[in-house]
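These are the residues of each chain, in order.
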Amino acid sequence: MEAFKRAILQPGPPENFALRIVQEVIKPQKRTKLVQDENQLLENILRTLLQDLVSSAVQSGAPIMEYGQSVDDAETTLGHIPRLLDIVLYLCEKEHIEGGMIFQLLEDLTEMSTMRNCKDVFGYIERKQDILGKQELFARGKLVMLRTCNQLLRRLSKANDVVFCGRILMFLAHFFPLSERSAVNIKGVFNTSNETSYEKEPPAGIAIDFNFYKTFWSLQEYFCNPPSLSLAPTKWLKFTSSLMVVLNTFEAQPLTDEEGDAINMEEEAANYSIKYLTSSKLMGLELKDPSFRRHILVQCLILFDYLRYPGKNDKDLPSEGMKEEIKTWEDRVKKMLEVTPPKGKDFLHKIEHILEREKNWVWWKRDGCPPFEKQPLEKKAQDSTKKRRPRWRLGNKELSQLWRWADQNPNALTDPQRVRTPSIMDYWKPLAEDMDDSTGIEEEYHHKNNRVYCWKGLRFSARQDLEGFSRFTDHGIEGVVPLDLLPHEVRSKYQAKPNERSKRAKKEESRNATLQAEENQIATPASENDEAVRGDLDSSATPMEADATPVAGGVSQGGTPTPEEQLKESPDTDADPDSGQLEADAEAEAGTIDGETDAEVDVDVDAVS
């Protein structure tokens, strides 16, 4: 302890001697960091030293934060207690000792100090707020600091120490994160101890509607504890009846613009009090006060807003009939706020905006108060520049890659293995495995669902397997698979039956016969022209030649050869088929040269006969 007393009197910053003093007093196992038992020993020494310093300051009659302070011409030295706190804060910040030790000393100091000295102690806390708020210290001492501030708030008077209370609340708001659960009323508990006292018996000698006075101030009981209205229907009925009396009175005594302008709102805000006076003598004046009316009407809107959004549990929600009543009362209160001077519409708009934002806090509490703060994302160097879409030389990645391979390998385009059409058996083998039920492949993973695979297979079958390609019409893509690849039970489904083969053969024969008949019809006109020309030439001969012709030629008189005659002529025809064709061509050419048609020749024959 004596070593720390000497350290307090030493000039210079704490980093010059703080660690050396700890090593001298404790003699730790580790040179720069204390273990648990060593921290406990050091904490006991420091708390005892702090208690001695406070006792000495009280005996001297000086403020504890100024005890031991010396003012020289050159500089002003700190008091003993601030100096001790600076040394401990440095050691905690550098993690030489346990981080929560400084918070424990501050709590002890506030408990040993009067309220006047506590203001000086809290001033030191405010000055060191940035260091105390560091993560390594905040995590160890946030609960101790919260307990210290709450103890100070309980000791302070809300009426006389308003400024000091505000300093503590502002410090907590900056010291703790916004989503700190310890500062949130999770359960939505109301301060029912905030009671409004008013007169229960009418005063003597004062003309006043005392029933209205009691009804008016009785509304504060419901404003103080809104959940009681949703739990007890009788209270809701009593509240609505009392509220109707108050609103009817407000409507019967409207305020004029002159009365609203007569009140200086800024002066009223400067002299604002958290409670209105409840004396029955002031009831008439308060009814003429626009701010007083607004205060009551805003309380009504807050109550209605709570009843519609009570909290987490859906069982606390009001009934449908009660919701309709709340909506009716709310509209009526808003109309009265709108006509209350000065600037009633603007005031109503602001109140609605505040209540709308309040819903966000209600939902936040329902979700378990998730933290608002988020860790910043680590920005990589490549993320700083915007990614540009790659531009390919030949339009897409595959063609560009193929072209690059060709540049690297000049023989790539001339390689015989570059383009190779697979055989039908190899290509359809995966689909044949899919069709086999023993493989257990699911329907959605079959190759027949791949359009590109099917399209390529049809092209290969059209070139290499026309018989399989023809089965596509009847059986789809599975019918194109070669039958040799399929198991026996599957092959029978796609294999053609004998009668089907005969029918198909007959169809092919009929189709070929039809094509042959069409070709014969095309060749028939030329042979008929040759016979007509030959008949014309015979008719122009003499009667003797005409009579001699059938004898010599062996042709019947009708001009049509008999079967025996055709058999006699067939050797000549078979012997020299080309000569007959040449003669027919010559006769056709002769007819064409003479310019005579078949009709003209018939006319000449008739004339000769």
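The residue numbers shown here count from 1 along each chain, following its written sequence. The model is predicted, so local features are restricted to residues of pLDDT at least 70 and side-chain atom pairs to those at 80 or more, both for listing and for counting; the totals for chains, interfaces and linings are taken over all residues. Hydrogen atoms and water are omitted, and side-chain values are computed over all heavy atoms in the structure.

### Concerning the overall build of the protein
Working definition: helices are DSSP H or I runs of at least four residues, strands are E runs of at least two. Numbering for both runs from the N terminus. Regarding its fold elements, the protein presents 31 helices and zero strands. For the protein, with 609 residues in total, the buried portion stands at 31%. Residue pairs in contact within the protein that sit at least 24 positions apart in sequence constitute 65% of those at least 6 positions apart. Surface accessibility of the protein: about 41,300 Å² in total, with carbon and sulfur atoms responsible for 52%. For the exposure calls, accessible area comes from a 1.4 Å probe over protein chains only, and a residue counts as buried if that area is under 20% of its type's maximum, exposed if over 50%, partly exposed in between. A contact between two residues is defined here by any heavy atoms of the two lying within 4.5 Å. Note on areas: Shrake-Rupley with a 1.4 Å probe; residue coverage comes only from the protein chains shown.

### Some thoughts on the confidence of the model for the protein
With 73% of its residues at a pLDDT of 70 or more, the protein has an overall mean of 78. As a per-residue quantity, pLDDT reports the predictor's confidence and falls between 0 and 100. In this model residues 525-609 is a low-confidence stretch, pLDDT under 50, and it forms 24 contacts with partners more than four residues away in sequence or in other chains.

### Brief notes about unusual backbone geometry
With omega at -5°, the peptide bond leading from Pro341 into Pro342 counts as cis. As for its position among the elements, Pro342 is in the loop between helix 17 (320-339) and helix 18 (344-366). Phi is positive for Glu95, which is not a glycine, with a value near 65°. Its location among the elements puts Glu95 in the loop between helix 4 (80-93) and helix 5 (101-111). On the accessibility criterion, Glu95 (43% relative accessible area) is partly exposed.

### Here we look at the packing of aromatic side chains
Between 30 and 60 degrees the pair is tilted, below 30 it is stacked and above 60 it is edge-to-face, where a pair is any two Phe, Tyr or Trp rings, Trp via its six-membered ring, whose centres lie within 6.5 Å. For the coordinates displayed, the defined rule picks out 23 aromatic pairs. Each member of the aromatic cluster is reached from another via a ring pair, and the members are Phe122, Phe138, Phe164, Phe171, Phe175 and Phe176. Think of it as a cone above the ring: NZ of Lys or CZ of Arg counts as a charge over the ring if it is within 6 Å of the ring centre and within 35 degrees of the ring normal. We note Lys200 situated over the ring of Tyr198; from NZ or CZ to the ring centre the distance is 3.8 Å. A cation sits over an aromatic face here: Arg294 above Phe347, 4.3 Å from the ring centre.

### A look at the environment of Pro342
Overall, the relative accessible area of 21% leaves Pro342 in the partly exposed class. Placed 85 residues apart in sequence, Pro342 and Asp257 show a C-alpha to C-alpha distance of 6.6 Å.

### Points about the environment of Leu42
The topology assignment puts Leu42 in helix 3 (residues 36-60). Separated by 55 residues in sequence, Leu42 and Ile97 place their C-alpha atoms 8.7 Å apart. With sequence-adjacent residues up to four places away left out, Leu42 is seen in contact with Phe4, Val22, Ile26, Leu34, Ile97 and Met101.

### Observations concerning the packing of helix 1 (residues 2-9) against helix 4
Between the N-to-C directions of two axes lies an angle of 0 to 180 degrees, each axis being a line fitted to C-alpha atoms and, for a helix, fitted only over the stretch in contact. Where helix 1 meets helix 4, the axes come as close as 9 Å, and the angle between the chain directions of the two elements is 105°. The angle between helix 1 and helix 4 falls in the class roughly perpendicular. Counted together, Ala7, Ile8 and Leu9 of helix 1 and His80, Arg83, Leu84 and Ile87 of helix 4 form the full contact between these two elements. Put simply, Ala, Val, Leu, Ile, Met, Phe, Trp, Tyr, Cys and Pro go in the nonpolar bin, Asp, Glu, Lys and Arg in the charged bin, and everything else, Gly too, in the polar bin. Class assignment of the residues belonging to the contact of helix 1 with helix 4 gives a composition of five nonpolar, one polar and one charged. Here is the rule for angles: anything less than 35 degrees is roughly parallel, anything more than 145 is roughly antiparallel, 65 through 115 is roughly perpendicular, and the remaining ranges are oblique.

### A closer look at the side chain of Thr215
With respect to the element layout, Thr215 can be found in helix 10 (residues 210-224). Any pair of N or O atoms that falls within 3.5 Å is considered a polar contact. Within protein, one atom must be able to donate a hydrogen and the other to accept it, and sequence-neighbouring residues count only if both atoms are side-chain atoms. A polar contact is formed between the side chain of Thr215 and the backbone oxygen of Asn211, at a distance of 2.8 Å. Apart from residues lying up to four places away in sequence, Thr215 is in contact with Ser242 and Val245.

### Re the nonpolar core
Ranked by internal contacts, the top residues of the largest apolar core, which has 57 residues, are Leu42, Ile81, Ile102, Leu109, Leu132 and Met145. Those elements that place two or more of their residues in this core are helix 1, helix 2 (18-26), helix 3, helix 4, helix 5, helix 6 (115-127), helix 8 (135-155) and helix 9 (162-175). Per element, the largest residue contribution to this core is nine residues, and it comes from helix 4. Not counting residues up to four positions away in its chain, the partners in contact with Ile81 are Leu50, Leu53, Val54, Ile64, Met65 and Leu109. Buried residues of nine kinds, namely Ala, Val, Leu, Ile, Met, Phe, Trp, Tyr and Cys, make up a nonpolar core once their side-chain atoms join them within 4.5 Å.

### Comments concerning the packing of helix 3 against helix 4
In the contact formed by helix 3 and helix 4, the axes pass within 10 Å of each other and the chain directions differ by 165°. Overall, the two elements helix 3 and helix 4 adopt an arrangement that is roughly antiparallel. Considering how the two elements wind past one another, helix 3 and helix 4 form a crossing that is left-handed. From helix 3, Leu46, Leu49, Leu50, Leu53 and Val54 reach across to helix 4, where they touch His80, Ile81, Leu84 and Val88. A per-class count over the contact of helix 3 with helix 4 returns eight nonpolar, one polar and no charged. Handedness of a helix crossing follows the sense of rotation of the near helix relative to the far helix, less than a right angle counterclockwise being left-handed and clockwise being right-handed.

### Some remarks on a nonpolar patch on the surface
On the surface, a cluster of nonpolar side chains totalling about 310 Å² of accessible area is made up of Leu178, Trp361 and Phe372. Here Phe372 lies in the loop between helix 18 and helix 19 (381-384). Exposure above 30% relative accessible area and no salt bridge define the residues that can form patches, which grow by joining like charges within 9 Å and nonpolar side chains of Val, Leu, Ile, Met, Phe, Trp and Tyr within 5 Å. Any carboxyl oxygen of Asp or Glu within 4 Å of a side-chain nitrogen of Lys or Arg constitutes a salt bridge here.

### Considering helix 8
Its 21 residues place the ends of helix 8 29 Å apart at the C-alpha level, agreeing with the 30 Å of an ideal helix rising 1.5 Å per residue. The seven residues ending at a residue and the seven starting there each receive a fitted axis; the angle between those axes is the bend at that residue. At Gly141, helix 8 is deflected by roughly 60°, the largest bend along its length. Residues of helix 8 that are buried include every one of Leu137, Phe138, Gly141, Val144, Met145, Leu146, Thr148, Cys149 and Leu152, and no others. Residues of helix 8 that are buried in the fold lie against helix 4, helix 5, helix 6, helix 7 (129-132) and helix 9. Expected helix span is given by 1.5 Å per residue-to-residue step, counting one fewer step than there are residues.

### Considering helix 6
The first and last C-alpha atoms of helix 6 sit 19 Å apart over 13 residues, in line with the 18 Å expected at 1.5 Å per residue. Within helix 6 the residues assigned to the buried category are Asn117, Cys118, Val121, Phe122, Gly123, Tyr124 and Ile125.

### Some details on the pattern of salt bridges
Within this structure, the stated rule accounts for 18 salt bridges. With a closest N to O distance of 3.5 Å, Glu352 and Lys334 form a salt bridge. Remark: Lys334 occurs in helix 17 and Glu352 occurs in helix 18; sequence separation between them is 18 residues. For Glu352, a relative accessible area of 32% translates into the label partly exposed. Put simply, Lys448 and Glu443 hold a salt bridge, and the shortest N to O gap is 2.6 Å. On the basis of relative accessibility, which here comes to 26%, the residue Lys448 falls in the partly exposed class. A relative accessible area of 47% means that Glu443 is categorised as partly exposed. Among the charged side chains, a salt-bridge network with shared partners connects Asp305, Arg308, Glu330, Lys334 and Glu352.

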